[in-house]
Amino acid sequence: MEEDESTPEKKIDSQLNLPPSMNRPTVSLESRINRLIDSNHYHSPSKPIYSDRFIPSRSGSNFALFDLASSSPKKKDGKEDGAGSYASLLKTALFGPVTPDKSDVVNGFSPSRNIFRFKTETQRSLDLYSPFGSDEAPGVSPSPVKSPRKIPRSPYKVLDAPALQDDFYLNLVDWSAHNVLAVGLGNCVYLWNACSSKVTKLCDLGVDDSVCSVGWSLRGTHLAIGTSSGTVQIWDAVRCKSIRTMEGHRLRVGALAWSSSLLSSGSRDKSILQRDIRSQEDHVSKLKGHKSEVCGLKWSFDNRELASGGNDNKLFVWNQHSTQPVLKYCEHAAAVKAIAWSPHVHGLLASGGGTADRCIRFWNTATNTHLSCVDTNSQVCNLMWSKNVNELVSTHGYSQNQIVVWKYPTMSKLATLTGHTFRVLYLAASPDGQTIVTGAGDETLRFWNVFPSPKSQNRESEIGASSFGRTTIR
């Protein structure tokens with residue numbers, strides 16, 4: 001019986017399941033435990049209390065650190081109300097500092113403005129680290145806003161191109177699928193390897209002839225050369241050997257366009273000749289429709305439609321078998337040299353007019369509709385779509401000689417590049433679609449990084465950024 005009359009300290013130890021490593025509770029701890037036992041947590045005094053964890057007093061917690069002033073525990077008869085403290089904290093975490101009564105919720109009162117609340121900004125404060133949340137910090141952070149792509153305003157490389165003609169109706173620059181740039185300078189054609197920077201003289205037409213256009217085949221192994229005498233020469237660029245010379249035009253050939261083994265040539269004699277290089281004939285068909293020199297030719301990416309522009313201010317569209325244009329667009333007020341098919345939307349065609357027009361127009365050839373028109377305030381010399389993103393670049397002449405990168409379909413300007421002192425008459429793109437080269441009558445070729453790579457459209461291209469320099473192409 002003497003063992004039953006144990007001291008109060010031993011009785012408390014028997015009621016608490018404390019680890020053996022813990023020392024005897026101090027006097028202050030005993031008083032706290034007594035308060036918990038006397039509170040409403042202890043509903044059955046006749047039964048022993050078993051617990052696997054130690055619950056400290058909440059009166060020593062600093063709730064002000066989490067901006068939870070309204071959740072301070074209430075006391076009854078000078079004793080801490082543990083259940084009320086927990087309920088208060090839970091209501092504050094769910095509904096915020098203003099908590100409705102149960103009857104209000106049942107009657108249809110909206111619980112709080114904090115439920116499912118979306119905020120566009122986050123506040124960097126201690127509330128971000130609060131386990132209970134806060135009215136000032138949402139539970140889910142919004143996705144970061146993507147910064148606009150930075151386009152370098154300077155060319156990363158400049159090549160001197162002596163005798164590069166300042167003639168709006170010629171097309172003297174083209175870039176092959178094998179990363180080789182072809183440039184017509186006077187009566188010669190030069191090849192510049194973009195990988196090794198090696199320059200090769202492909203041909204010399206002689207003093208009685210000159211180069212008016214150059215165009216690579218789709219595979220990048222053969223180069224077509226249009227001459228001032230009206231002939232078209234086909235060269236094997238790998239072996240630097242002439243394959244054949246084709247007749248048919250009476251005047252200079254200023255425009256060339258490839259479609260697989262089919263080569264289209266546009267001339268000052270107002271005609272377009274379709275040539276199959278596999279055939280022994282110089283041309284397989286002749287397209288008539290323009291009333292003046294043909295200065296722009298482009299095949300669509302599916303090789304089903306050919307667009308042609310002329311000095312008669314007309315834009316025509318032909319199919320694979322027609323000898324007359326199937327679509328005619330006459331809205332331009334000046335020569336149409338700039339032509340570009342979209343690689344992203346079937347039938348989307350862009351065209352640009354000369355000095356008296358200065359507009360870029362968009363057409364849907366599938367529905368035969370005019371989509372939109374943008375006044376650029378300067379002569380439009382070239383147009384080209386990016387194959388990586390839905391953007392296009394235009395080059396201009398009188399009076400600003402600028403290069404503009406546009407976002408389609410909003411036609412907002414992403415960048416305006418300057419540097420040429422003459423009309424920017426020539427334009428070509430690298431095989432990866434990131435770099436463009438522009439040529440002008442100032443006898444320079446300038447290389448610009450304007451489009452993102454196809455794998456990472458938000459990362460600025462760094463190709464050639466460390467190789468800035470000025471060299472001569474011949």
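The rules we used
- Residues numbered from 1 in each chain as written.
- Predicted model: local features only at pLDDT ≥ 70, side-chain atom pairs only at ≥ 80, totals over all residues.
- Heavy atoms only, no water.
- Helix = DSSP H or I, 4+ residues; strand = E, 2+ residues; numbered from the N terminus.
- Buried < 20%, exposed > 50% of the residue type's maximum accessible area, 1.4 Å probe, protein only.
- Contact = heavy atoms within 4.5 Å.
- Areas by Shrake-Rupley, 256 points an atom, 1.4 Å probe, with all protein chains shown as cover.
- UniProt positions renumbered as here; feature names shortened; annotations may be inferred.
- Pairing = 2+ DSSP bridges.
- Axes fitted to C-alpha atoms, helices over the stretch in contact; angles between N-to-C directions.
- Phe/Tyr/Trp six-rings, centres within 6.5 Å; stacked < 30°, edge-to-face > 60°.
- Lys NZ or Arg CZ within 6 Å of the ring centre and 35° of its normal.
- Salt bridge = Lys/Arg side-chain N within 4 Å of Asp/Glu carboxyl O.

## Points about the overall build of the chain
Okay, step 1: The helix and strand tally for the chain stands at 4 helices and 31 strands.
Okay, step 2: Here the chain holds 474 residues, and 46% of them are scored as buried.
Okay, step 3: Once local pairs closer than 6 in sequence are excluded, the contacts in the chain between residues at least 24 apart make up 46%.
Okay, step 4: Summed over all atoms, the accessible surface of the chain reaches about 25,200 Å², with 51% contributed by carbon and sulfur.

## Brief notes about the side chain of Ser 292
Okay, step 1: One can find Ser 292 in the loop between β15 (285–287) and β16 (294–299).
Okay, step 2: Under the relative-accessibility criterion, Ser 292 is labelled buried at 17%.
Okay, step 3: Setting aside residues no more than four positions away along its own chain, Ser 292 makes contact with Lys 270, Asn 311 and Asp 312.

## Comments concerning the UniProt feature "repeat: WD" (unreviewed entry) in the chain
Okay, step 1: Under the local residue numbering, the UniProt record ascribes the feature "repeat: WD" (unreviewed entry) to residues 287–328 and 417–450.
Okay, step 2: Taken end to end, residues 417–450 is 0% helix and 56% strand, and its two terminal C-alpha atoms sit 10 Å from one another.

## Here we look at unusual backbone geometry
Okay, step 1: Residue Ser 399 follows Tyr 398 across a cis peptide bond; omega there is 15 degrees.
Okay, step 2: In this structure, Pro 409 follows Tyr 408 across a cis peptide bond, with omega equal to 10 degrees.
Okay, step 3: Secondary-structure assignment places Pro 409 in the loop between β26 (403–407) and β27 (412–417).
Okay, step 4: Phi is positive for Asn 179, which is not a glycine, with a value near 65 degrees.
Okay, step 5: Inspection of the secondary structure puts Asn 179 in the loop between β4 (173–175) and β5 (180–185).

## Quick notes on the pairing of strand β25 (residues 391–396)
Moving residue by residue along a regular strand, the side chains alternate between the two faces of the sheet.
Okay, step 1: Counting buried residues in β25 gives 6 out of 6 residues, a clear majority hidden from the surface.
Okay, step 2: Neither face of β25 is open: one carries Glu 391, Val 393 and Thr 395, the other Leu 392, Ser 394 and His 396, and all of them are buried.
Okay, step 3: As paired strands, strand β24 (residues 380–385) and β25 are joined by 5 bridges and run antiparallel to one another. Bridge pairing in β25 links Met 384 to Val 393.
Okay, step 4: Taking the residues between adjacent antiparallel strands as the criterion, β24 and β25 are bridged by 5 residues.

## Brief notes about the sheet that holds β25
The pairing of strands in a sheet happens through backbone hydrogen bonds and is either parallel or antiparallel.
Okay, step 1: Read from one edge of the open sheet, 4 strands run β24-β25-β26-β27, paired in antiparallel fashion. Looking along the sheet, the strands with just one partner apiece sit at the ends: β24 and β27. Here the strands of the sheet are splayed against their neighbours by 20 degrees on average, with no regard to which way each runs.
Okay, step 2: Judged from the 5 bridges that link them, β25 and β26 form a sheet pairing that is antiparallel. In the sheet register, Thr 395 faces β26, and the bridge partner there is Ile 403.

## Regarding the packing of aromatic side chains
Okay, step 1: Inspection of the entire model under this criterion finds 9 aromatic pairs.
Okay, step 2: Look at Trp 192 and Phe 447: their rings are 5.1 Å apart centre to centre, the planes differ by 45 degrees, and that puts the pair in the tilted class. Taken together, the residues span a long stretch of sequence, with Trp 192 in strand β6 (residues 188–193) and Phe 447 in strand β30 (residues 444–449) at a distance of 255 residues. Neither residue differs from the other here; Trp 192 and Phe 447 are each classed as buried.
Okay, step 3: Ring centres of Phe 362 and Tyr 408 lie 4.8 Å apart, and the angle between their planes is 45 degrees; this geometry places the pair in the tilted category. Taken as a pair, Phe 362 in strand β22 (residues 359–364) and Tyr 408 in the loop between β26 and β27 lie far apart in primary sequence, 46 residues in all.
Okay, step 4: Taking relative accessible area as the criterion, Phe 362 reaches 0% and is therefore assigned buried.
Okay, step 5: Look at Tyr 408 and you get buried, because its relative accessible area is 13%.
Okay, step 6: If you follow Lys 328 out to its NZ or CZ, it ends over the ring of Phe 316, 5.9 Å from the centre.
Okay, step 7: A cation over a ring is seen here: Lys 337 above Phe 168, with NZ or CZ 5.5 Å from the ring centre.

## With respect to the sheet that holds strand β21 (residues 348–353)
Okay, step 1: Across the sheet, 4 strands lie side by side as β20-β21-β22-β23; this open sheet has antiparallel pairing. Two strands bound the open sheet, and with one partner strand each, they are β20 (336–341) and β23 (369–375). Direction aside, neighbouring strands of the sheet carry axes that sit 20 degrees apart on average.
Okay, step 2: The pairing of β22 with β23 spans 6 bridges and is antiparallel. Paired with Ile 360 across the two strands is Val 374, which belongs to β23.

## Quick notes on the pattern of salt bridges
Okay, step 1: Applying the stated criterion across every chain yields a total of 9 salt bridges.
Okay, step 2: In this structure, Asp 167 and Arg 252 form a salt bridge, with 3.2 Å as the shortest nitrogen-oxygen distance. Of the two residues, Asp 167 is situated in the loop between β3 (157–160) and β4 and Arg 252 in the loop between β11 (241–246) and β12 (253–259); the sequence distance between them amounts to 85 residues. Assigned by exposure class, Asp 167 and Arg 252 land together as buried.
Okay, step 3: The residue Asp 282 makes a salt bridge to Arg 244 at a minimum N-O spacing of 3.8 Å. Taken together, the residues span a long stretch of sequence, with Asp 282 in the loop between β14 (272–276) and β15 and Arg 244 in strand β11 at a distance of 38 residues.
Okay, step 4: Three or more residues are tied together by salt bridges with common partners; here these are Asp 167, Arg 252, Arg 268 and Glu 293.

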